[in-house]
Amino acid sequence: MGVEREVKKTKVVIFGDSITNGYGILGRPATQILRKKLEANARKRGIELEINLQGVNGDTTTHAMKRLPQIVRKKADFVFIFFGANDASRYFSVTESEYAKNLSVMIEQLDENKVILISPPYHNDTLDINNRSNTLICRYRATMKKVGQLYDKNVIDLYGAMIASQNPNQYLQDDGLHFSARGYDLLSELMLERIMN
């Protein structure tokens, strides 16, 4: 009689804002859609993931610094840092230099080798140009890429992947910012590629 060995799950933490949190799917302020899609896609490839979503609606990198010690204590195999949509918003006053500094502190306090950065996403400017714009988002995207280069970190260019589509709005809900189910399909595929490599 064979003894079943327990499969070791790869521990993944996703540290972010309302998009990490699955805001707006089924009209809810938080869902587990990203975790479910990422786990299902990984399982199809024979990979078992233990995913911990650490998203807070409305969070910026500055707000998230208060949560950083608890992320460090999780001792994950991979930590995805996914901030920028709110940092680049006119509602908040996080400058590009503060954004860069906050990302740097996060990378330094987490195990450097585990960290993968996710750029701020595309935004539908036709729905809300007063609060945030792709012009502004692209400046924060460029800042993240510079920080990634400085620390030799992987950066998922989510914005670039979204605008590569003929219709990037398919990835967004009607508010022009939060992700649709297709947006989470794209994001989970991009994340899984990095976990597998």
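Residues numbered from 1 in each chain as written. Predicted model: local features only at pLDDT ≥ 70, side-chain atom pairs only at ≥ 80, totals over all residues. Heavy atoms only, no water.

Chemist: How should unusual backbone geometry be read in this particular structure?
Modeler: Negative phi characterises most residues that are not glycine, and trans characterises most peptide bonds. Phi angles above zero are rare outside glycine, and Lys75 is one such case at about 45 degrees. Residue position: Lys75 is located in the loop between helix H3 (68-73) and strand S3 (78-82). (Helix = DSSP H or I, 4+ residues; strand = E, 2+ residues; numbered from the N terminus.)

Chemist: It is not clear to me how helix H1 (residues 33-44) should be interpreted in this structure. Could you clarify?
Modeler: An α-helix turns once per 3.6 residues; consequently, residues spaced three or four apart project the same way. Given a rise of 1.5 Å per residue, 12 residues ought to cover 16 Å, and the 17 Å separating the end C-alpha atoms of H1 matches this to within 8%. For H1, every residue scored as buried is listed here: Ile33, Leu34, Leu38, Glu39, Asn41 and Ala42. Where H1 is buried, its residues touch strand S1 (10-16), strand S2 (49-55) and helix H7 (181-196). The positive-phi residue at the C-terminal boundary of H1 is Gly46, with phi of around 80 degrees. (Expected span 1.5 Å × (residues − 1). Buried < 20%, exposed > 50% of the residue type's maximum accessible area, 1.4 Å probe, protein only. Contact = heavy atoms within 4.5 Å.)

Chemist: Looking at this structure, how should I read the packing of H1 against H7?
Modeler: Axis angle and axis distance: for two packed helices, these are the angle between their axes and the distance between the axes, and together they describe the pair. It is the contact of H1 with H7, at a shortest axis distance of 9 Å, that shows an interaxial angle of 50 degrees. Classified by the angle between their axes, H1 and H7 sit oblique to one another. Classified by chirality, the crossing of H7 by H1 is right-handed. For the pair formed by H1 and H7, the contact residues are Ile33, Leu34, Lys37, Leu38, Asn41 and Ala42 on the first element and Ala181, Tyr184, Asp185, Leu187, Ser188, Glu189, Met191 and Leu192 on the second. (Axes fitted to C-alpha atoms, helices over the stretch in contact; angles between N-to-C directions. Parallel < 35°, antiparallel > 145°, perpendicular 65-115°, else oblique. Left-handed = near helix turned anticlockwise from the far one by under 90°.)

Chemist: What am I meant to see in the packing of aromatic side chains here?
Modeler: Two measures describe an aromatic ring pair: the distance that separates the ring centres and the angle between the ring planes. A full pass over the atoms with the stated rule returns four aromatic pairs. A ring pair is formed by Tyr122 and Tyr159, whose centres lie 6.3 Å apart and whose planes are at 55 degrees; its orientation type is tilted. Of this pair, Tyr122 sits in the loop between strand S4 (115-118) and helix H5 (134-150) while Tyr159 is found in helix H6 (residues 158-163), placing the two residues 37 residues apart along the sequence. According to the relative accessible area criterion, Tyr122 is buried, its value standing at 11%. Classification of Tyr159 as buried rests on a relative accessible area of 8%. (Phe/Tyr/Trp six-rings, centres within 6.5 Å; stacked < 30°, edge-to-face > 60°.)

Chemist: Sorry if this is basic, but what is going on with the sheet that holds S4 here?
Modeler: One open sheet holds the five strands; their spatial order is S2-S1-S3-S4-S5, and the pairing between them is parallel. Edge strands, defined here as strands with exactly one partner in the open sheet, are S2 and strand S5 (154-156). The average angle at which neighbouring strand axes cross in this sheet is 20 degrees, direction not considered. As paired strands, S4 and S5 are joined by three bridges and run parallel to one another. The residue of S5 that forms the bridge with Ile116 is Asn154. (Pairing = 2+ DSSP bridges.)

Chemist: Looking at this model, I keep getting lost on the nonpolar core. Mind explaining?
Modeler: Across soluble globular proteins, nonpolar side chains have a tendency to be buried as a group. Residues Ile14, Leu49, Phe80, Ile81, Leu158, Leu187 and Met191 are the most contacted members of the largest nonpolar core, which totals 60 residues. Here this core gets seven residues from one element, more than from any other, and that element is H7. Once residues lying within four places of it in the same chain are set aside, the contact partners of Ile81 are Phe15, Leu103, Met106, Leu110, Val115, Ile116, Leu117, Ile118 and Met144. (Core = buried A, V, L, I, M, F, W, Y, C linked by side-chain atoms within 4.5 Å.)

Chemist: Before we go on, may I ask you to explain the pairing of S4 in this structure?
Modeler: Along a regular strand, successive side chains alternate from one face of the sheet to the other. In S4, alternate side chains face the same way, and those of Val115 and Leu117 on one face and Ile116 and Ile118 on the other are all buried. The sheet contact formed by S3 and S4 spans three bridges and is parallel. Considered in S4, the bridge of Ile81 is made with Leu117. Taken together, S3, helix H4 (residues 96-109) and S4 form a β-α-β motif whose crossover is right-handed. (Right-handed = clockwise from strand over helix to strand, strands pointing away.)

Chemist: In this structure, what is going on with the side chain of Asp17? I would like to understand it.
Modeler: As for its placement among the helices and strands, Asp17 is situated in the loop between S1 and H1. Arg132 provides the closest opposite charge to the buried, salt-bridge-free Asp17, at an N-O distance of 7.3 Å. Those residues in contact with Asp17 that sit more than four places away from it in its chain are Gly55, Val56, Asn57, Asp59, Phe82, Phe83, Gly84, Ala85 and Asn86. (Lys, Arg positive; Asp, Glu negative; His and termini not counted. Salt bridge = Lys/Arg side-chain N within 4 Å of Asp/Glu carboxyl O.)

Chemist: I'm lost on the environment of Leu26 in this one. Help?
Modeler: Mapped onto the fold, Leu26 is located in the loop between S1 and H1. Given the relative accessible area of 69%, Leu26 is considered exposed. When the C-alpha positions of Leu26 and Ser180 are compared, they lie 9.9 Å apart, and in sequence the two are 154 residues distant.

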